[in-house]
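Spelled out, the chains give:
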Amino acid sequence: MAEGPLLRADERLSRAVEGRGPNALTEFLADLGNMSVALPALAAAVGYALWRGSRARALGVVLAMAAVPALVVPLKSWIARPGPLTAETGYYPSGHAAASMMAYCGAAVLLCAYVRARLVLPAALVLTAATGAGLVLRGYHWPLDVLGSWCLCALLLLLLSHRPAGRDSPPPRASRVRAAPDR
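Residues numbered from 1 in each chain as written. Predicted model: local features only at pLDDT ≥ 70, side-chain atom pairs only at ≥ 80, totals over all residues. Heavy atoms only, no water.

## Notes on helix α6 (residues 117-137)
Logical step 1: Helix length check: α6, at 21 residues, gives a terminal C-alpha distance of 30 Å against a target of 30 Å (1.5 Å per residue), a fit within 8%.
Logical step 2: Among the residues making up α6, those that are buried are V120, A124, T128, A130, T131, G132, G134, L135 and V136.
Logical step 3: Within two residues after α6, G139 carries a phi angle of roughly 85 degrees, on the positive side. (Helix = DSSP H or I, 4+ residues; strand = E, 2+ residues; numbered from the N terminus. Expected span 1.5 Å × (residues − 1). Buried < 20%, exposed > 50% of the residue type's maximum accessible area, 1.4 Å probe, protein only.)

In structure tokens, the structure reads:
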């Protein structure tokens, strides 16, 4: 990631798209990955899930979000990839792209149980993609910085969504029916 053919391809792609689009819009999109924007969105979904009684799932999403900096920061240090507009290192993977994906998709995981999944999940994916596009178009990150973060977070979300049913899962339909008294 810090040198070689992937870096050269990333540089070419970045040069081709950097600075495209209206500055105000691309800056707004990049800002969707700031913790001051992404965390309140996730907090609202966590609060709603807790209110609805989904404690285990809410805890899982919160732990997954907490895992993001615990994974991203050491990776940035270890890989030491320079940024597109600077010689400084620590740009791969993108923390902003990771924060946006975990916050918006994590919120979608929580809300899908209560609202139409066909609305919530696409909205989360659009916000995540918009953040990545803003980061690349503004020149804050290379495209692969964003893609690497998405792959890392997709793994975390897959682990989260394939957890065994917890105590806050509704009981199976058959157990909701009262049994007939014994004769």
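## Some details on the environment of V136
Logical step 1: By the element assignment, V136 lies in helix α6.
Logical step 2: For V136, a relative accessible area of 10% corresponds to the buried category.
Logical step 3: It is 8.3 Å that separates the C-alpha atoms of V136 and A30, two residues lying 106 residues apart in sequence.

## A few points about the packing of helix α3 (residues 35-51) against helix α5 (residues 95-111)
Logical step 1: At their nearest, the axes of α3 and α5 sit 9 Å apart, and the two run at 15 degrees to each other. Between α3 and α5, the interaxial angle falls into the category roughly parallel. For the crossing formed where α3 meets α5, the hand is left-handed. The segment α3 lies against α5, with M35, V37, A38, A41, L42, A45, V46, Y48 and A49 engaging A99, S100, M102, A103, Y104, G106, A107, L110 and L111.
Logical step 2: Of the residues in the contact of α3 with α5, the class split is 16 nonpolar, two polar and no charged. (Axes fitted to C-alpha atoms, helices over the stretch in contact; angles between N-to-C directions. Parallel < 35°, antiparallel > 145°, perpendicular 65-115°, else oblique. Left-handed = near helix turned anticlockwise from the far one by under 90°. Contact = heavy atoms within 4.5 Å. Nonpolar A, V, L, I, M, F, W, Y, C, P; charged D, E, K, R; others polar.)

## A short note on the pattern of salt bridges
Logical step 1: Scanning the model with the defined rule gives one salt bridge in all.
Logical step 2: Across the pair R138 and E27 runs a salt bridge, and its minimum N-O distance is 2.8 Å. On the criterion of sequence distance, the pair formed by R138 in the loop between α6 and α7 (143-161) and E27 in helix α2 (residues 23-31) is long-range, its members being 111 residues apart.
Logical step 3: Since its relative accessible area comes to 24%, R138 is described here as partly exposed.
Logical step 4: Judged by relative accessible area, which is 24%, E27 ranks as partly exposed. (Salt bridge = Lys/Arg side-chain N within 4 Å of Asp/Glu carboxyl O.)

## Looking at α2
Since one α-helical turn is 3.6 residues long, residues separated by three or four positions face the same way.
Logical step 1: Among the residues of α2, T26, L29 and A30 are the ones counted as buried. One side of α2 holds all its buried residues, which, seen down the axis, span an arc of 100 degrees. Projecting away from the buried face of α2 at angles above 90 degrees are the exposed residues A24 and F28.
Logical step 2: Considering only its buried residues, α2 is in contact with α6. (Arc of directions from axis to C-beta.)

## Describing the packing of helix α4 (residues 55-79) against α5
Between two packed helices, both the angle of their axes relative to each other and the distance between the axes serve to describe the pair.
Logical step 1: α5 packs onto α4 with a crossing angle of 170 degrees between their chain directions and a minimal axis gap of 10 Å. Taken together, α4 and α5 sit at an angle that is classed as roughly antiparallel. Every residue of α5 that contacts α4 at R57, A58, V61, A64, M65, V68, V72 and K76 is listed here: G95, A98, A99, M102, A103, G106, V109 and L110.
Logical step 2: Looking at side-chain class alone, the contact of α4 with α5 contains twelve nonpolar, two polar and two charged residues.

## Some points on the environment of G106
Logical step 1: Within the fold, G106 resides in helix α5.
Logical step 2: By relative accessible area, G106 is classed as buried at 0%.
Logical step 3: With 60 residues separating them in the primary sequence, G106 and V46 have C-alpha atoms 9.0 Å apart.
Logical step 4: Apart from the residues lying within four places of it in its own chain, the contact partners of G106 are L42, V61, M101 and L157.

From the geometry alone we can't say anything about function, so treat these as descriptive.
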